[in-house]
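Chain by chain, the residues run as shown.
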Amino acid sequence: MSNQPILFKNARLIDPASDREEHGAVLVRDGVIVAVGPQVAVDADAQVIDCGGQVLAPGLIDMRAFIGEPGGPYRETLKSAGEAAAAGGVTTVVSMPDTSPALDDPAVIDFIVRRARDTSMVNIRPAAALTKGLQGDEMAEIGRLKEAGAIAFTDGARSVTNAQVMRRALTYARDFDALIIHHVEDPDLVGQGVMNEGEFASRLGLPGIPREAETVMLERDIRLVRLTGGRYHAAMISCADSAEIVRAAKARGLPVTCGVSINHLALNENDIGDYRTFLKLSPPLRHEDDRQAMIEALADGTIDVIVSDHNPQDVENKRLPFAEAADGAVGLETLLSAALRLVHSDRISLPKLLRALSTKPAEILGLPGGRLTVGAPADLIVFDPDAPYVLDKRQLKSLSKNSPFDEARLEGQVTITMVAGRVVFQRETM
Amino acid sequence: MDIQALLDLADEQVEVSRQVEKRKTTLRGRTQINLFFEASTRTQSSFEIAGKRLGADVMNMQVGSSSVKKGETLIDTAVTLNAMRPDIIVVRHHAAGAVHLLAQKVDCSVVNAGDGAHEHPTQALLDALTIRRNKGRIEGLTVAICGDILHSRVARSNMILLAAIGARVRLVAPSTLIPPGIARLGFETFTSMKDGLKDADIVMMLRLQRERMNGSFVPSVKEYFRFYGLDQEKLSYAKPDALVMHPGPMNRGVEISSDVADGAQSLIREQVEMGVAVRMAVLEALASHLPNR
């Protein structure tokens, strides 16, 4: 079966790596793209899929998803995360190390790699812990973890508050060309805060989180990057000042990249409304001005990637008073649809959007995907960017249903997802 | 006296030390105080034996039971000892620059037996002697100094000495253990053993202290040994006739494997013998400069 070539014809080809857009076909054989363009010689024995003029693009690469395996399989397993990702057009997921046990041991990384290969329909690439037990005190075995298959190093939802630890980790990681991904949120400045500090929080009677919790940590990190030369990626920024900081760092030529979560591009603090806990996030949803700044920073390339920040939480952790509820929202399945809002409102072109969802993450992680060229892995998606639907959380493949987009009107749906030359998802309506 | 002449003198001391009658009279009537503020087995005993073979009266000052423990400052200790009219004081101190400070306050000769992460000159001399006796020369050899260079006085003295007599000195360590800015002093630095040991004639390993192994400077012993510990495989990146050195005391299974430490290419035991000879040479070279009251 795997040897039968597959031809996608009648497609709107978008290669975000080269900004090329054309009508044509893609031929896939043995898990790689073997031909792409307006004229593709048809293989007699190929299985032909007519895309009906829909977009064919590289599969999405999501640099930030929390999966409950090991330790919390009721929230999400590698299998269920894979199904959710496939339905959302995400062909590669970087899983966070905040599991139980934490991914700070080469044997656990090895377990994830094998388990994902056996049970997940998409590529799962584990990020290992940057510090032992995610405690922020002692750096983890970066070299051995990388050998075991860790694609990056991060303390996941936690920040490393000790600047000396961060300095040494950046220095040491450089020797192994290891990427450090950091959640930039100073826990002391966060304090008891549960949402963006400001008028709306005051009105709701909830303790706020100042933007400085993010900017202080981010600014510190960038100074340490300048000192050490380590490769650094700020996992998610959420406010206008942070975009300024990253912009300045890039202008100085520092090896710095950053991401933004889909939630911070699509939502703002007002969406919390009547204490909707599915919108309790870390970092918190900010003011509309910050959201606008995030969109501008994405469009001008200051922000490199968009992540789902997929964080499944069961009802026991969410059906609580706002301040007591867990942080996080699922996002793998709605990543593309929600991001397409920016295209539909003419804030960013479709190739540029896909660039932040596939090409850039591939570049940052050193993966071969994210481009529609001969020799690239056949991790592909076909989607109709205009297909309208209303999200019904019961339809989500994810084991947890904490979506901030429940009952939202969305446009754009994936119809086919292919991973390594195999169709792993096909929407019935097609 | 230049370095090669000092090493020639040390060669003579090797012969003396291998005789049944090891006593010389160069330092007869002279008083040598070994003032060790930091615990040391091999360096202190090496200086003691060297002094005794040259005929000096050697006194080891136990700092643990001395007035230093009672709060005396370094300078007061120096002034007090100076009043006892010693001829040579051999000093080991945990603070960089302490030996230099002490030397300003006494009238006799002072030998640095190691000060903080600054220098350990007699170690470098004994290493040079060991290399010269085994390779016949030092000039043109490639010497890879590997491991905790940041905290190592042995590394600093060797870098200076070996480079001064014509060796090509390389530094090999994870970046967290390389002193910032050291490349600007003209030493090639490597963060991979494979690259750093390529074509090396001498592989000089350094001790990694325990408190630096667990996540502060390097993640763990396992990881350190995997990437920076000298085993047969990593040694094979060096020249086939490369020789292995270590100033001791060794952490077997941390920076060096037992089979390499005890193997045919190891000079580690010979380094200890050369230590006595070099210290005899240093003390003898000082003899003509000693106070003549």
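Residues numbered from 1 in each chain as written. Chains lettered and ligands numbered in written order. Predicted model: local features only at pLDDT ≥ 70, side-chain atom pairs only at ≥ 80, totals over all residues. Heavy atoms only, no water.

## Looking at the sheet that holds strand S4 (residues 109-115) of chain B
What links the strands of a sheet is backbone hydrogen bonding, and the strands pair in either a parallel or an antiparallel sense.
All names here are of chain B.
So, step 1. If you walk across this open sheet you meet the 4 strands as S2-S1-S3-S4, and the pairing is parallel. Looking at which strands have only one partner, the edges of the open sheet turn out to be strand S2 (57-62) and S4. Across the sheet, the axes of successive neighbouring strands diverge by a mean angle of 15°, strand direction being ignored.
So, step 2. Direction of pairing for strand S1 (residues 31-36) relative to strand S3 (residues 88-93): parallel, over a ladder of 5 bridges. Within S3, the position partnered with Ile33 by the bridge is Ile89.
So, step 3. Sheet strands in contact with helix H2 (residues 42-53) are S1, S2, S3 and S4, and its direction is about 180° off that of S1.
So, step 4. Set on the sheet, helix H11 (residues 268-287) makes contact with S1, S3 and S4; between it and S4 the angle comes to about 155°. (Pairing = 2+ DSSP bridges. Helix = DSSP H or I, 4+ residues; strand = E, 2+ residues; numbered from the N terminus. Axes fitted to C-alpha atoms, helices over the stretch in contact; angles between N-to-C directions. Contact = heavy atoms within 4.5 Å.)

## As for the pattern of salt bridges
So, step 1. Scanning all chains against the criterion turns up 37 salt bridges over all chains.
So, step 2. Arg226 of chain B is the salt-bridge partner of Glu147 of chain A, the closest N and O atoms lying 2.2 Å from each other. One end of the pair, Glu147 of chain A, is in helix H3 (residues 142-148); the other, Arg226 of chain B, is in helix H8 (residues 221-228), on a second chain.
So, step 3. Its relative accessible area of 46% is what places Glu147 of chain A among the partly exposed residues.
So, step 4. The partly exposed category is assigned to Arg226 of chain B, whose relative accessible area is 37%.
So, step 5. Its salt-bridge partner being Asp262 of chain B, residue Arg252 of chain B comes within 2.9 Å of it at the nearest N-O pair. Note that Arg252 of chain B is positioned in the loop between strand S9 (243-245) and helix H10 (258-261) and Asp262 of chain B in the loop between H10 and H11, a separation of 10 residues in sequence. (Salt bridge = Lys/Arg side-chain N within 4 Å of Asp/Glu carboxyl O. Buried < 20%, exposed > 50% of the residue type's maximum accessible area, 1.4 Å probe, protein only.)

## Quick word on the sheet that holds strand S7 (residues 188-190) of chain B
All names here are of chain B.
So, step 1. One open sheet holds the 5 strands; their spatial order is S7-S6-S5-S8-S9, and the pairing between them is parallel. Both outer strands of the open sheet, S7 and S9, are each paired with one neighbouring strand and no more. Along the sheet, successive strands turn relative to each other by an average axial angle of 25°, direction set aside.
So, step 2. Where strand S5 (residues 142-146) lies against strand S8 (residues 202-205), 4 bridges are found, and the strand directions are parallel. Residue Ala144 lies in a different strand from S8, and its bridge partner there is Val203.

## So, the confidence of the model for chain B
So, step 1. For chain B, per-residue confidence averages 94 on the pLDDT scale, and 97% of positions sit at 70 or higher.
So, step 2. As a predicted assembly, this complex carries a pTM of 0.94 together with an ipTM value of 0.90. (pLDDT = per-residue confidence, 0-100.)

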